[in-house]
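Structure assessment
Okay, here's what each chain looks like letter by letter:
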Amino acid sequence: MTERLDGPQDPRGDDGDAVAAGSSPGPHPPSAGSAADSPTGTAAGSPTGSTAESPAGTATGSAADSATGSAAPSAVPSVATAGPAAPGTASAPKPPRLGPSPVMAVLFLLPGVVLLGAMVIYPIVYSAFRSLYDAGGETFVGVENYATIFQDASTLTTIRNNLIWVVVAPLLVTTLGLIFAVLTERIRWATAFKLIVFMPMAVSLMASGVIFRLVYEQDPDRGVANAVLSSVRGVFGSGESYPDARPRENDQSPVTAAQGAVVTKGSAKPGQAVLLPLVGVKPADLASAAVARPAGSPGPGELAGTVWFDFTQGGGGRPNQVDGSEKALAGMTVEAVRAGAGGEVAATAVTEADGTFRLTGLAPGDYTVRLPQSNFEASFNGLSWLGPTLITPAIIGAFVWVWAGFAMVLIAAGLSAIPRDALEAARIDGATEWQVFRKITVPLLSPVLLVVFVTMIINTLKVFDLVFVIAPGSVQPQANVIALEMWRVSFGGGGNQGLGSALAIFLLVLVLPFMILNIRRFRRDNQ
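Predicted model, so just to flag it, every value in this text is computed and none were measured. (Residues numbered from 1 in each chain as written. Predicted model: local features only at pLDDT ≥ 70, side-chain atom pairs only at ≥ 80, totals over all residues. Heavy atoms only, no water.)

Secondary structure summary: the protein contains 15 helices and 10 strands in total. Across the 527 residues in the protein, those meeting the buried criterion constitute 34%. Contacts in the protein between residues far apart in sequence, at least 24 positions, make up 69% of those at least 6 positions apart. (Helix = DSSP H or I, 4+ residues; strand = E, 2+ residues; numbered from the N terminus. Buried < 20%, exposed > 50% of the residue type's maximum accessible area, 1.4 Å probe, protein only. Contact = heavy atoms within 4.5 Å.)

Written as structure tokens, this is what we have:
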């Protein structure tokens, strides 16, 4: 009787309980519950039945197979089903939240949003609003300030200069960066070379302006640029120059001025000695000059003579005579010009340290000895880098010096990512290095080159420090750019913040397309 009331015992033991509890790792089809053949005719789902419940749903109970109470295990094991939960069954717990709560995220983002609004969004909005008013901010003028930008002559100069900057500076920086990046793969000391080229990036633009203000000094003794040019000119140029030298203006002088040159009054024949006295030279220019000496007797077919400063300090000297203390004019070019209508130069010589010269290889005849005009031209004193003509190219040169290292590093990173098998395949096919560079390297580097070029355009549109520091006040109108003009009009003495705000918005409009292009390019590369 007890056995009939409790239902048949499951022969599976604990394993059967585990399966009934839903611990089976795989899904099983539910087994239909079999009715118990009890004398009272009750179903297995009655209180007297043997149906078991699992936490995941209802389990079909096994029923007695006969009235004798013998247990018949079902053919399919009894497992938990995925059906609707039975009344009173607890729901599954929610998974825990990943990351901080929304309140915590807002608290962390709030300082950045406040700073972004206070330092970026508010100035832009206020500048756009302020650009619609006059200089004092009291009268609404609409777009009059924007119209002034394209009507004022000085403002048009700034736009022209910015156009030159946008065209020249990014192209130079990108080209030099590409050349340096390619060269670093072919030299032994690549790391040291990159360090030297990139080093100007560690210097601020203000400090770079101070450096190049000294580099562009016109005096070769102070300015590095003109010192280099003077050295090159000294190597390839002719001898000394005495711009103040001139012949004496009297009848006794053997020489006279003629079309910027100095020539002898009379003709000379080979075998004669010629004296070419000059005056007007500053004593300071002859402080290190040697003492003049008379020329020796010329040989056949020769003209000899002396060029010297015919003045004795303290008096006592004789005109047109080489005295013992008078200084020589060394390094002067002397020409023997054949007498006649042709004026052919038959021989040329340069005076020695003692002022003597010797013209050789002359055929018999009459000759005029001439000191050409080049002897009396002012010596090269360097280019006027800070003048109105060269000021913009000079400042662009400083900009290139600062940013070439930045471009080199970016392009070198892109160059290292180029597959070497493509380069080697081209070389095996017979391509020259120039063809490999032009047909393979540059096209593969085009994304990096575009990023560098666009970044440099943005930097050139915003350039301010270099122009403000390098350009002297007298030539700043010729070197002006939009960013500097905006500051000058608003705070540098102009006092017109309406026009300055309009220039700021105009500059923002110029920069925005390039910024959007760069951002899209970065997103496309990341995807």
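Our focus in this paragraph is the sheet that holds strand β6 (residues 303-309). Across a sheet, strands are paired by hydrogen bonds formed along the backbone, either parallel or antiparallel in direction. With mixed pairing, the three strands of this open sheet are ordered in space as β5-β6-β9. Every other strand in the sheet has two partners, leaving β5 (273-278) and β9 (356-359) as the edge strands with one partner each. Here the average twist between neighbouring strands, direction ignored, is 20°. Bridge count between β5 and β6: six bridges; the pairing is parallel. Following the sheet pairing, L276 is matched in β6 by V307. (Pairing = 2+ DSSP bridges. Axes fitted to C-alpha atoms, helices over the stretch in contact; angles between N-to-C directions.)

Our next topic: the pairing of strand β7 (residues 333-338). Most of β7 sits out of view: five of its six residues are buried. Two elements, β7 and strand β8 (residues 345-350), share five bridges in a ladder whose sense is antiparallel. Looking at β8, one finds that V337 is bridged to V345. Note that β7 and strand β10 (residues 367-371) share four bridges and pair antiparallel. Residue pairing in the sheet places A336 in a bridge with V369 of β10.

The next subject is the environment of S297. Topologically, S297 is positioned in the loop between β5 and β6. The exposed category is assigned to S297, whose relative accessible area is 69%. For the pair S297 and Q272, spaced 25 residues apart in the sequence, the C-alpha separation amounts to 7.5 Å.

Here helix α15 (residues 497-526) spans 41 Å end to end across 30 residues, near enough to the 44 Å set by a 1.5 Å rise per residue. The sharpest bend along α15 reaches about 30° and sits at V511, with the proline P513 one to four residues further on. Looking only at α15, the buried set comprises G498, L499, G500, S501, A502, L503, I505, F506, L507, V511, N518 and R521. Tucked into the core, α15 has its buried residues touching α3 (102-130), α4 (144-149), α5 (153-183), α11 (433-461) and α14 (482-490). At the N-terminal boundary of α15, the capping side chain belongs to N496, with an oxygen 3.3 Å from the backbone nitrogen of G498. (Expected span 1.5 Å × (residues − 1). Bend = angle between axes of the 7 residues up to and from the residue. Polar contact = N/O pair within 3.5 Å; in protein donor to acceptor, adjacent residues only side chain to side chain.)

Moving on: the packing of aromatic side chains. All chains considered together, the criterion is met by 16 aromatic pairs. Between the aromatic rings of F399 and W403, the centroid separation amounts to 6.2 Å while the plane-to-plane angle is 40°, which identifies the pairing as tilted. One end of the pair is F399 and the other is W403, both in helix α9 (residues 391-416) and four residues apart, which spans about a single turn. The exposure class assigned to F399 is buried, which follows from its relative accessible area of 2%. Joined through ring pairs, the aromatic side chains of W165, F399, W403 and F406 make up one cluster. (Phe/Tyr/Trp six-rings, centres within 6.5 Å; stacked < 30°, edge-to-face > 60°.)

This part is about the nonpolar core. Residues W165, Y216, I391, I395, F399, V467 and I470 are the most contacted members of the largest nonpolar core, which totals 48 residues. Taken together, the elements giving at least two residues each to this core come down to α5, α7 (205-215), α9, α10 (420-428), α11 and α12 (465-470). Looking at this core, the element that brings in the most residues is α9, giving 15 residues. By size, the runner-up hydrophobic cluster in this structure holds 26 residues, among which are L276, L278, L362 and Y367. (Core = buried A, V, L, I, M, F, W, Y, C linked by side-chain atoms within 4.5 Å.)

Our next topic: the pairing of strand β3 (residues 255-258). Here β3 runs beside strand β4 (residues 261-264); their pairing, made up of four bridges, is antiparallel. Residue A258 lies in a different strand from β4, and its bridge partner there is A261. Hairpin remark: β3 followed by β4, antiparallel, with two residues in the connecting loop; positive phi at Q259, about 55°.

The next subject is the sheet that holds β3. Taken together, five strands build an open sheet; the order of strands is β3-β4-β10-β7-β8 and the sheet is antiparallel. Strands at the two margins of the open sheet, each flanked by one partner only, are β3 and β8. Direction aside, neighbouring strands of the sheet carry axes that sit 30° apart on average.

What follows concerns the confidence of the model for the protein. Scored by pLDDT, the protein comes out at a mean of 80, with 81% of its residues at no less than 70. Across residues 1-83 the pLDDT falls below 50, and counting only partners more than four positions away or on other chains, this stretch makes 85 contacts in the model. (pLDDT = per-residue confidence, 0-100.)

It is worth spelling out the side chain of E326 at this point. The residue E326 is located in the loop between β6 and β7 in this model. The side chain of E326 sits in the buried core without any salt bridge; R248 is the nearest counter-charge, 6.4 Å away. In this structure the side chain of E326 is engaged in a polar contact, spanning 2.9 Å, whose partner is the side chain of T312. (Lys, Arg positive; Asp, Glu negative; His and termini not counted. Salt bridge = Lys/Arg side-chain N within 4 Å of Asp/Glu carboxyl O.)

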